[in-house]
Amino acid sequence: MLLLDGKKLAQTIQAEIARDVQALHAATGVRPGLAAVLVGDNSASHLYVKNKRKACEQAEIASWLHALPGETTQFQLLDLVARLNADPQVHGILVQLPLPRQIEESAIIQAVSPDKDVDGFGVQSLGLLATGQPRFYPCTPLGVQQLLIRNGIPIAGRHVVVVGRSNIVGKPLALMLMGKGKEADATVTVCHSRTADVGYHTRQADIVVMAIGQARYLKGDMVKPGAVVVDVGTNRTPEGKWVGDVDFEAVSQVASAISPVPGGVGPMTITMLLYNTLQSARRVSG
Ligand SMILES: NC(=O)c1ccc[n+]([C@@H]2O[C@H](COP(=O)([O-])OP(=O)(O)OC[C@H]3O[C@@H](n4cnc5c(N)ncnc54)[C@H](OP(=O)(O)O)[C@@H]3O)[C@@H](O)[C@H]2O)c1
């Protein structure tokens, strides 16, 4: 059984990004820059942003933190986003979600310039992806795809079952893997909470991707022997342990390859944010 070690792969790719950042800077004088926006005092959000900025620092990507109080208004946040959109040093804007109740998340996501939407959450980014002319791939789906490709797992012609249809994971991942190209060209089935029998579908899959946020949902008898299983889920148990959507012990007896939680998709997601920021800087520097 092959362990899809996202932590190790993320380190390798981050070293490649650091090298490319240096080369871009040497050739053009442009240093990629990411502006992170954090509203309120959600401790998980603070940790996510801290980890993302640390990864930027290691890759020599400039990063700025805009930490705003929890009572910030939508108008104030839109004003900040407009300033970041206009700042030529900023190539990527990351607005950490969730936002406080008084702010409409979709209004903020849509306010981020499509040229700096390194999270790939905006309507334009998703529309471009859906029509086969992607600009920024959302980071978690891109991390999943890279985890497969860089572990030598073929995608083209295979049956992938994606469980979960959110706008940030399941839906864009399905679009990516069913797109044209040798790193895609899969036959994709998408399951969700209204799917009659999720196990019926996952048992048909060559590759299963779980992204539902239900601890240890996927059991060994829901997987075809030899299938590849990628676990996007992050769930906190009552004992304070992080587990995925996959029953790792049971499924690893059946699968040919499986990603762990933690140490699988999570580190890949952060790495793809750096990658998108580098791509954005490359676009503006010609
Ligand atoms: N590692 C990372 O970097 C990373 C990044 C993002 C998310 N995550 C994790 O990935 C998980 C999913 O995140 P998300 O943002 O996509 O979540 P989400 O917005 O809550 O969406 C969950 C999806 O799962 C479906 N679902 C829920 N229960 C189900 C069930 N019992 N059977 C089948 N489908 C079910 C929902 O169906 P409906 O549409 O019908 O409601 C929905 O489409 C979470 O654990 C999250 O923490 C991890």
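Every chain begins its residue count from 1, and numbering advances along the sequence as written. In view of the model being predicted, local features appear only for residues whose pLDDT reaches at least 70, and side-chain atom pairs are presented and counted only at 80 or more, with totals across whole chains, interfaces and linings using the full set of residues. Each side-chain value is worked out from all heavy atoms of the structure, with water and hydrogens disregarded.

1. What about the site of the ligand?
Phase 1: Here a residue is considered near a molecule or strand provided that any single heavy atom belonging to it is located within 4 Å of it. In the vicinity of the ligand, 21 residues are found, and the nearest of them are Arg165, Ser166, Ser193, Thr234 and Thr269.
Phase 2: By the criterion applied in these results, polar contacts are pairs of N or O atoms within 3.5 Å in which, for protein atoms, one can donate a hydrogen and the other can accept it, and in which residues neighboring in sequence qualify only through two side-chain atoms. The contact in question runs from an oxygen atom of the ligand to an N or O atom on the side chain of Thr234, over 2.7 Å.
Phase 3: The side chain of Thr269 places a nitrogen or oxygen atom 2.8 Å from an oxygen atom of the ligand.
Phase 4: Method for areas: the Shrake-Rupley scheme with a 1.4 Å probe, in which residue coverage is limited to the protein chains shown. About the coverage of the ligand: the protein hides 69% of its 930 Å² of free accessible area.
Phase 5: Residues are grouped as follows: nonpolar covers Ala, Val, Leu, Ile, Met, Phe, Trp, Tyr, Cys and Pro; charged covers Asp, Glu, Lys and Arg; every other residue, Gly included, is treated as polar. The residue makeup of the shell around the ligand, split by class, is eight nonpolar, 12 polar and one charged.

2. A word on the domain arrangement of the protein
Phase 1: Looking at the protein, the domain boundaries give domain 1 (29-113) and domain 2 (139-266).
Phase 2: All the domain ranges listed were derived from an automatic or database domain assignment. Taking the mean C-alpha position of each, domain 1 and domain 2 sit 29 Å from one another.

3. Section: the pairing of strand β4 (residues 92-95)
Phase 1: Summary of the burial criterion: residues with accessible area below 20% of their type's maximum are buried, those above 50% are exposed, and those between are partly exposed, where the area comes from a 1.4 Å probe applied to protein chains only. In this text, helices come from DSSP runs of H or I with a minimum length of four residues, and strands from runs of E with a minimum of two, each type numbered from the N-terminal end. Side chains Gly92 and Leu94 of β4 all project onto a buried face; the interleaved residues Ile93 and Val95 project onto the opposite face, where all are buried too.
Phase 2: Strand pairing is defined by DSSP finding a minimum of two bridges between the two strands. Where strand β2 (residues 33-39) meets β4, four bridges bridge the pair, whose relative direction is parallel. In the sheet register, Ala35 faces β4, and the bridge partner there is Ile93.

4. Considering the sheet that holds β2
Phase 1: Taken in spatial order, the three strands of this open sheet run β3-β2-β4, and their pairing is parallel. At either end of the open sheet lies a strand with only one pairing partner, and these are β3 (62-68) and β4. Recorded for the sheet is a direction-independent mean angle of 15 degrees between the axes of neighbouring strands.
Phase 2: Taken together, the seven bridges between β2 and β3 define a ladder with parallel strand orientation. Considered in β3, the bridge of Leu34 is made with Ser63.
Phase 3: Contacts are residue-level and defined by heavy atoms, with any inter-residue pair within 4.5 Å sufficient. Orientation is described by axes fitted as lines to C-alpha atoms, over the contacting stretch for helices, and by angles from 0 to 180 degrees between their N-to-C directions. In this fold helix α3 (residues 74-86) packs onto β2, β3 and β4, with an angle of close to 175 degrees to the strand it touches most, β2.

5. Considering empty space enclosed by the protein
To find the voids left in a structure, one rolls a probe of water-molecule size over its atoms.
Phase 1: In the cavity and pocket records, a cavity denotes points on a 1 Å grid over the protein atoms alone where a 1.4 Å probe fits but cannot get out, a pocket denotes an open set with protein on both sides within 12 Å along at least 5 of 7 lines, and lining residues are residues with an atom within 4 Å of a point. Grid points are joined across faces, edges and corners, and a volume is the space filled by probe spheres set on the points. With the rule as written, the count across this model stands at one cavity of 30 Å³ or more.
Phase 2: Taken as a whole, the largest cavity encloses approximately 70 Å³ of empty space.
Phase 3: Ile93, Leu94, Val95, Ile109, Val112, Asp117, Asp119 and Phe121 together form the lining of the largest cavity.
Phase 4: Residues belonging to the lining of the largest cavity are distributed by class as follows: six nonpolar, no polar and two charged.

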